[in-house]
Amino acid sequence: MTDPALAELILDSVKDAVFVIALDGEVVRSWNRGAEALYGWSAADVLGHSSDLLHTRYLGQVTPEQVLATLTHQQCWRGEVLQRHRDGHTRCAGGPWTL
């Protein structure tokens, strides 16, 4: 088993939503079963597409630019966001974002 295949197998075994977005254009690179359950889109629906489908809105006094700067300098950002489910309803998601 290759390292990427092993990593994908491990991510799919995690119950939490885990997905990877490229910082250069925000294209979804990885999407686990937890993300499928939380957001309603299958990996096939989102891989290679823009993360804009989530319509992410940051809660509190933070901008996307501040989040990116924090990620760049500290490799981690913690906060809450509103994101859209496939059926259109909005849900609050929180936790760490890491590089």
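Here, every reference points to the structure presented above.
Residues numbered from 1 in each chain as written. Predicted model: local features only at pLDDT ≥ 70, side-chain atom pairs only at ≥ 80, totals over all residues. Heavy atoms only, no water.

Asker: How should the overall build of the chain be read in this particular structure?
Answerer: The secondary structure content of the chain amounts to 4 helices and 5 strands. Ordered by position from N to C terminus, the α and β elements of the chain give α-β-β-α-α-β-α-β-β. Oriented by its inertia axes, the alpha-carbon framework of the chain measures out at about 45 × 35 × 25 Å. Looking at the chain as a whole, 21% of its 99 residues qualify as buried. (Helix = DSSP H or I, 4+ residues; strand = E, 2+ residues; numbered from the N terminus. Buried < 20%, exposed > 50% of the residue type's maximum accessible area, 1.4 Å probe, protein only.)

Asker: Where do I start with the layout of surface pockets in this structure?
Answerer: One way to see where empty space is left: roll a probe the size of a water molecule over the atoms. Each pocket or cavity is described by its volume, and for the largest pocket that value is around 1000 Å³. Lining of the largest pocket is provided by 31 residues; of these, F19, I21, P96, W97 and T98 occupy positions nearest its centre. Elements with a minimum of two residues in the lining of the largest pocket: strand 1 (19–21), helix 2 (33–39), helix 4 (64–74), strand 4 (76–84) and strand 5 (90–98). Ranked by residues supplied to the lining of the largest pocket, first place goes to strand 5 with 8 residues. (1 Å grid on protein atoms, 1.4 Å probe; cavity = no way out; pocket = protein on both sides within 12 Å on 5 of 7 lines; lining within 4 Å. Points joined across faces, edges and corners; volume = space filled by probe spheres on them.)

Asker: Can you help me understand the nonpolar core in this one?
Answerer: When a protein is soluble and globular, its nonpolar side chains tend to lie buried together. Grouped together as the largest cluster of nonpolar side chains are 14 residues, with contacts concentrated most on W31, Y39, W41, V46, L53, L54 and W77. Among the secondary structure elements, those contributing two or more residues to this core are strand 2 (28–31), helix 2, helix 3 (43–46), helix 4 and strand 4. Residues contacting W77, with those up to four places away along its chain left out, are Y58, V62, V67, T70, L71, G95, P96 and W97. (Core = buried A, V, L, I, M, F, W, Y, C linked by side-chain atoms within 4.5 Å. Contact = heavy atoms within 4.5 Å.)

In short, the description is geometric, and any link to function would need to be established separately.
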